[in-house]
Amino acid sequence: MLNSTLQEYCEAIFDTDSDRALQIVHSAFENGVSAEDIVFRVVIPSIEQFLTALVENQNSLAQHFLASQVAAEVVEEMLPRFLQKPVSAGQMVIGTSPGDYHGLGKRIVSGCLKAQMLGVIDLGLNVSAERFVDAALENNAQIIGISSMMVHTARGENGCRKVRRILQERGLEEHIKIIVGGAPYRFDDQLYRQVGADAWAENGIVAAAVITGLIREVTPL
Ligand code: B12
């Protein structure tokens with residue numbers, strides 16, 4: 001049953017038919033598949049499949065985008081139906097760096113992370129360094145995620161570098177970690193260090209593992 005649900009669900013995403021994808025998980029749930037199995041054995045494997053296919057140029061960005069957005073929606077719907085109350089892996093805020101209006105990558109990453117039990121608060125586009133830090137404190141987030149698609153917004157003084165300075169000045173470095181992502185970091189895998197981030201990740205699946213590691217290093221406030 002689970003294998004056929006996964007296959008039908010992936011086919012619906014492949015056809016970019018989100019209504020059908022949702023219908024498939026709803027009918028599986030009504031037919032006795034647990035909320036846990038829907039999340040961990042259908043939705044997350046589907047994102048992994050679409051990401052692998054994207055890397056191998058076998059599907060499109062639209063399909064990957066849809067896979068992560070539908071995943072986030074299903075997870076939000078299924079969480080209250082878990083038999084055991086799910087443990088949140090942690091909390092993060094995410095946004096694009098000042099001057100950067102490329103929001104698509106951030107939305108995909110957020111969808112993937114929500115599907116993997118991380119609380120994600122999306123601060124939107126063109127987020128100032130002060131706002132990143134204030135929002136992290138307001139929401140008890142251990143992680144600040146900064147998305148930059150342009151070289152100057154990744155390297156610039158007002159983005160990650162400034163977030164790092166503020167964390168230093170306010171004595172928050174042990175409590176809040178920074179992860180960055182976006183094309184400039186893919187082209188130079190040491191850039192994250194130069195701009196003062198704690199880590200980078202090339203996509204949402206890798207990001208979930210990296211973030212879980214960072215959260216272990218955080219001292220709670
Ligand atoms: C779509 C696009 C746009 C759209 C953005 C629409 C939107 N709502 O997002 C529009 C048309 C608005 C746009 C505008 C501009 N763009 Co543009 N744009 C692109 C394009 C074609 C694709 C970007 C994209 O969405 N990629 C797909 C996503 C899924 O990939 P991604 O963002 O890398 O995200 C993945 C990972 O990086 C990672 N990730 C992303 N964020 C994060 C965050 C964290 C925390 C983590 C862990 C991981 C992570 O996970 C994601 C999912 O797998 C790129 C070229 C390209 N092929 O990359 C140019 C590009 C980024 N744009 C560019 C430029 C120059 C501009 C403009 C200045 C053009 C102009 N003259 O007006 C403006 C700037 C606007 C601004 N101030 O931001 C340049 C940047 C050059 C550079 N080296 O700096 C590029 C590279 C094009 C080029 N070759 O010249 N653009």
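Criteria and thresholds
- All chains use their own residue numbering, which begins from 1 and follows the written sequence.
- For a predicted model such as this one, the threshold for reporting local features is a pLDDT of at least 70, and the threshold for listing and counting side-chain atom pairs is 80 or more; totals across whole chains, interfaces and linings nevertheless cover every residue.
- Water and hydrogen atoms were dropped before computing side-chain values, which therefore reflect all heavy atoms in the structure.
- Axis angles are defined between N-to-C directions and span 0 to 180 degrees, where every axis is a line fitted to C-alpha atoms and, for a helix, only to the segment in contact.
- Secondary structure elements are taken from DSSP: a helix is a run of H or I of four residues or more, a strand is a run of E of two residues or more, and numbering for both begins at the N terminus.
- Angles below 35 degrees are treated as roughly parallel, those above 145 as roughly antiparallel, those between 65 and 115 as roughly perpendicular, and all remaining angles as oblique.
- Rotating anticlockwise by less than a right angle from the far helix to the near helix defines a left-handed crossing, while the corresponding clockwise rotation defines a right-handed one.
- Contacts are assigned to residue pairs that have any heavy atoms within 4.5 Å of one another.
- Definition of nonpolar core: a set of buried residues of the types Ala, Val, Leu, Ile, Met, Phe, Trp, Tyr and Cys, connected through side-chain atoms within 4.5 Å.
- Buried means the residue's accessible area, taken with a 1.4 Å probe over protein chains only, is under 20% of the maximum for its type, while exposed means over 50%, and partly exposed covers the values in between.
- In this document the domain limits rely on a domain assignment from an automatic tool or a database.
- Here a donor is an N, O or S atom found within 2.8 Å of the metal, or within 3.2 Å if the metal is Na, K or Ca; sites may look incomplete because water is not among the atoms.
- When we say a residue is near a molecule or strand, we mean one of its heavy atoms is within 4 Å of it.
- Throughout this description, a polar contact denotes any pair of N or O atoms lying within 3.5 Å of each other; where both atoms belong to protein, one of them has to be capable of donating a hydrogen while the other can accept it, and for residues adjacent in sequence the pair is counted only when both atoms sit in side chains.
- In this classification, Asp, Glu, Lys and Arg are treated as charged, Ala, Val, Leu, Ile, Met, Phe, Trp, Tyr, Cys and Pro as nonpolar, and every other residue, Gly included, as polar.
- Paired strands are those between which DSSP finds at least two bridges.

**Q** Looking at this structure, I do not really get the packing of helix H1 (residues 2-14) against helix H3 (residues 35-55). What am I missing?
**A** For any two helices packed against each other, the geometry comes down to the angle between their axes and how far apart the axes lie. It is the contact of H1 with H3, at a shortest axis distance of 10 Å, that shows an interaxial angle of 45 degrees. Considering their axes alone, H1 and H3 lie oblique with respect to each other. Pair H1 / H3 crosses with right-handed handedness. In this structure, H1 uses Leu2, Thr5, Leu6, Tyr9, Cys10, Ile13 and Phe14 to contact H3, whose residues at the interface are Asp37, Arg41, Val42, Val43, Pro45, Ser46, Gln49 and Phe50.

**Q** In this structure, what is going on with the nonpolar core? I would like to understand it.
**A** Nonpolar side chains in soluble globular proteins tend to be buried together. Tyr9, Ile13, Ile38, Val70 and Val74 are the most contacted members of the largest nonpolar core, which has 34 residues in total. Contributions of two or more residues to this core are made by H1, helix H2 (18-30), H3, helix H4 (61-78) and helix H5 (104-115). For this core, the leading source of residues is H3, giving 9 residues. The residue makeup of this core includes at least three contributed by each of domain 1 (2-81) and domain 2 (90-217). Not counting the four nearest positions on each side in its chain, Val70 is found in contact with Tyr9, Ile13, Ser18, Ala21 and Leu22.

**Q** Explain the coordination of the cobalt atom of the ligand here, please?
**A** Angles between donor atoms at a metal ideally measure 109.5 degrees for a four-coordinate tetrahedral arrangement and either 90 or 180 degrees for a six-coordinate octahedral one. If you check the protein contacts of the cobalt atom of the ligand, you find one donor only, His102 (NE2), at 2.3 Å. Tracing the chain through its elements places His102 in the loop between strand S1 (90-96) and H5.

**Q** Quick question: what am I supposed to make of the site of the ligand here?
**A** Tyr101, His102, Gly103, Ser147 and Met149 are the nearest of the 27 residues found near the ligand. A distance of 2.8 Å separates a nitrogen atom of the ligand from a polar side-chain atom of His102. Separating a nitrogen atom of the ligand from a side-chain N or O atom of Ser147 is a distance of 2.7 Å. For the shell around the ligand, the elements supplying multiple residues, two or more each, are H4, H5, strand S3 (143-147), strand S4 (177-181) and helix H9 (183-187). The element best represented in the shell around the ligand is H5, accounting for 4 residues. Looking at the shell around the ligand, its residues break down into 14 nonpolar, 10 polar and 3 charged.

**Q** Looking at this model, I keep getting lost on the sheet that holds strand S2 (residues 118-124). Mind explaining?
**A** What holds strands together in a sheet is hydrogen bonding between their backbones, with the strands either parallel or antiparallel. Ordered in space as S2-S1-S3-S4-S5, the 5 strands form an open sheet in which the pairing is parallel. Strands with a single pairing partner mark the edges of an open sheet, and in this sheet they are S2 and strand S5 (199-200). H5 contacts S1, S2 and S3 of the sheet and is inclined by roughly 160 degrees relative to S2. The strands touched by helix H11 (residues 204-217) are S1, S2, S3, S4 and S5; relative to S4, the strand with the most contacts, the crossing angle is about 165 degrees.

**Q** I tried to follow the packing of H1 against H2 on my own but got confused; where do I start?
**A** In contact at an axis separation of 8 Å, H1 and H2 are set at 165 degrees when each is read in the N-to-C sense. Accordingly, the angle class assigned to the pair H1 and H2 is roughly antiparallel. Crossing angle aside, the handedness with which H1 passes H2 is left-handed. Here Thr5, Glu8, Tyr9, Glu11, Ala12 and Ile13 of H1 lie close against H2, whose contacting residues are Arg20, Ala21, Ile24, Val25 and Ala28. Looking at side-chain class alone, the contact of H1 with H2 contains 7 nonpolar, 1 polar and 3 charged residues.

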